[in-house]
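# Fold and geometry: a report
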Amino acid sequence: MSYIKPAELVTRMVDAGAYKMQLSTRDTLIRSFMGAAFLTMGAAFAVTVSTNTGQPLLGALLFPVGFVILYLFGYDLLTGVFTLGPLAVMDRRPGATLGAMFRNWGLVFLGNFGGAFLVAVLMAIYFTYGFSTEPSAVGQAIGEIGHGRTVGYADHGAAGMLTLFIRGVLCNWLVSTGVVLSMVSDNVIGKIAAMWLPIMLFFYMGFEHSIVNMFLFPSGLLLGADFTLWDYLLWNEIPTVIGNLVGGLVFVGLPLYFTHGRPKARRARAAKRTARTALSTANGTPSSVSTEPAREREPAGVS
């Protein structure tokens, strides 16, 4: 299986962040709508497996199927663009401005919410035979998730809000790792294996993912769970979005960029080395000894 070393991986991350800012409004909305729809169908599948088998670990093991599908299709999640967009701005790519980044984030948020809410409505119909019966066991489980992860946090006050925020941070530390690892191979099997690992971890540990929650909590409300829309927004979605931003950018995007990246600077250094080599050759001076620091010239096979 192919493997992309970290320095090239960072270049791909910056390229992706810049590219997403140049997409039209239509394309951004379609890709984010479909991305959330696939992700949240995976979440519904995982809750179904966990409920029907009584094995939460099995549900977590299978949850990444939705994430894998959406990234193989080139769709987008807010948690992913939180990590990639700022890197393109920092690298000063053409068109990668703060305004373009915030526009992208806003459109992806809207598209993600639309896709997640559609799946929430469809699954609520499925769990209740078109709202003609009480929710199935899976529907009741989703309602309990919504109650426990809104009112449950509120019962602890500020400590609950801090816990919610930290769970959002930890979530996108893992999810954005999955986003980045989708670029670490040019082989489909390699991409799937790399993405699967961190996504399984976040779901099993119950961290807070803003897009998954756009499905779970509206579903719970539609199914008659005991919390309100205000509970959902204040005691879940808003703090989760902020935590997801911090987790993806601070613990995934920036560390990779600063230690392996700054692609523009690296390309400029490479151009200077080429120019020096050409000049030395023209003057008949040996050019085999490089004056660049060793960390800029990683030996083959070392990441």
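Residues numbered from 1 in each chain as written. Predicted model: local features only at pLDDT ≥ 70, side-chain atom pairs only at ≥ 80, totals over all residues. Heavy atoms only, no water.

### Quick notes on the pattern of salt bridges
- If you walk through the whole model with that rule in mind, you get 7 salt bridges.
- Two residues, Arg-12 and Asp-186, come together in a salt bridge whose shortest N-O distance is 2.8 Å. With Arg-12 in helix H1 (residues 6-22) and Asp-186 in the loop between helix H9 (157-181) and helix H10 (188-204), the pair connects residues that are 174 residues apart, well separated along the chain.
- You can call Arg-12 partly exposed: its relative accessible area is 23%.
- One connected set of salt bridges, linked through shared partners, spans Glu-8, Arg-12 and Asp-186. (Salt bridge = Lys/Arg side-chain N within 4 Å of Asp/Glu carboxyl O. Helix = DSSP H or I, 4+ residues; strand = E, 2+ residues; numbered from the N terminus. Buried < 20%, exposed > 50% of the residue type's maximum accessible area, 1.4 Å probe, protein only.)

### As for the packing of aromatic side chains
- For the structure on display, the rule yields 15 aromatic pairs.
- Arranged with centres 5.6 Å apart and planes meeting at 40°, the rings of Phe-73 and Tyr-75 form a pair that is tilted.
- Of the residues examined, Phe-73 reaches a relative accessible area of 52% and is grouped as exposed.
- Summarising the aromatic geometry, the rings of Phe-217 and Phe-227 are spaced 6.0 Å apart at their centres and angled 80° between planes, so their arrangement reads as edge-to-face. Pair noted here: Phe-217 is in helix H11 (residues 210-222) and Phe-227 is in the loop between H11 and helix H12 (229-260), with a separation of 10 residues, a long-range link. The same class applies to Phe-217 and to Phe-227, which are both buried.
- An aromatic cluster of three or more residues is present, and its members are Phe-38, Phe-73 and Tyr-75. (Phe/Tyr/Trp six-rings, centres within 6.5 Å; stacked < 30°, edge-to-face > 60°.)

### Some remarks on the side chain of Arg-149
- Mapped onto the secondary structure, Arg-149 falls in the loop between helix H7 (137-148) and helix H8 (151-154).
- In this structure, Arg-149 is in contact with Gly-206, Phe-207, Glu-208, Asn-213, Phe-217, Trp-235 and Asn-236, ignoring residues within four places of it in sequence. (Contact = heavy atoms within 4.5 Å.)

### Re the nonpolar core
- If you look at the biggest cluster of nonpolar residues, it comprises 70 residues, and the most contacted ones within it are Met-13, Leu-39, Phe-63, Phe-67, Leu-78, Phe-202 and Phe-215.
- No other element matches the 10 residues that helix H6 (residues 98-128) contributes to this core.
- Setting aside its immediate chain neighbours within four residues, Phe-67 contacts Leu-39, Leu-77, Val-175, Gly-178, Val-179, Met-195 and Ile-199. (Core = buried A, V, L, I, M, F, W, Y, C linked by side-chain atoms within 4.5 Å.)

### Things to note about the packing of helix H5 (residues 78-90) against H6
- Running from amino to carboxyl end, H5 crosses H6 at an angle of 170°, the nearest separation of the two axes being 10 Å. The angle between H5 and H6 falls in the class roughly antiparallel. Between H5 and H6, the residues in contact are Leu-78, Val-81, Phe-82, Gly-85, Pro-86 and Val-89 and Leu-98, Met-101, Asn-104, Trp-105, Val-108, Phe-109 and Asn-112, respectively.
- Classifying every residue of the contact of H5 with H6 gives 10 nonpolar, 3 polar and no charged. (Axes fitted to C-alpha atoms, helices over the stretch in contact; angles between N-to-C directions. Parallel < 35°, antiparallel > 145°, perpendicular 65-115°, else oblique. Nonpolar A, V, L, I, M, F, W, Y, C, P; charged D, E, K, R; others polar.)

### Some points on H9
- For H9, spanning 25 residues, the distance from its first C-alpha to its last is 36 Å, which sits close to the expected 36 Å at 1.5 Å a residue.
- Restricting attention to buried positions, one finds in H9 the residues Gly-160, Leu-164, Gly-168, Val-169, Cys-171, Asn-172, Leu-174, Val-175, Ser-176, Gly-178, Val-179 and Val-180. (Expected span 1.5 Å × (residues − 1).)

### Structural notes on the environment of Gly-168
- Relative to the elements of secondary structure, Gly-168 occurs in helix H9.
- Classification of Gly-168 as buried rests on a relative accessible area of 0%.

### Some points on the packing of H6 against H11
- At a minimum axis distance of 8 Å, the contact between H6 and H11 shows a crossing angle of 40°. Regarding the angle of H6 to H11, the classification is oblique. The hand of the H6/H11 crossing is right-handed. Taking contact as the criterion, the partners of Phe-109, Asn-112, Phe-113, Ala-116, Phe-117, Val-119, Ala-120, Val-121, Met-123 and Ala-124 in H6 are, on H11, Ile-211, Met-214, Phe-215, Pro-218, Ser-219 and Leu-222. (Left-handed = near helix turned anticlockwise from the far one by under 90°.)

### What to know about the environment of Pro-86
- Here Pro-86 shows up in helix H5.
- Discounting chain neighbours no more than four positions away, the residues touching Pro-86 are Val-81, Met-101, Trp-105 and Leu-249.

### Overview of the environment of Trp-230
- Here Trp-230 shows up in helix H12.
- Sequence separation between Trp-230 and Thr-150 is 80 residues; the distance between their C-alpha atoms is 9.5 Å.

### Quick word on the confidence of the model for the protein chain
- In this model, the protein chain carries an average pLDDT of 91, and 88% of its residues clear a pLDDT of 70 or more.
- Low pLDDT, under 50, characterises residues 287-303; the stretch is placed with 22 contacts to residues that sit more than four places away or in other chains. (pLDDT = per-residue confidence, 0-100.)

### Focus: unusual backbone geometry
- Backbone geometry at Arg-92 places phi at a positive 60°, although glycine is not the residue there.
- Locating Arg-92 in the fold gives a position in the loop between H5 and H6.
- By relative accessible area, which is 68% here, Arg-92 ends up exposed.
- A positive phi angle, close to 65°, is found at Phe-131, a residue other than glycine.
- The topology assignment puts Phe-131 in the loop between H6 and H7.
- Assessed through its relative accessible area of 46%, Phe-131 is described here as partly exposed.

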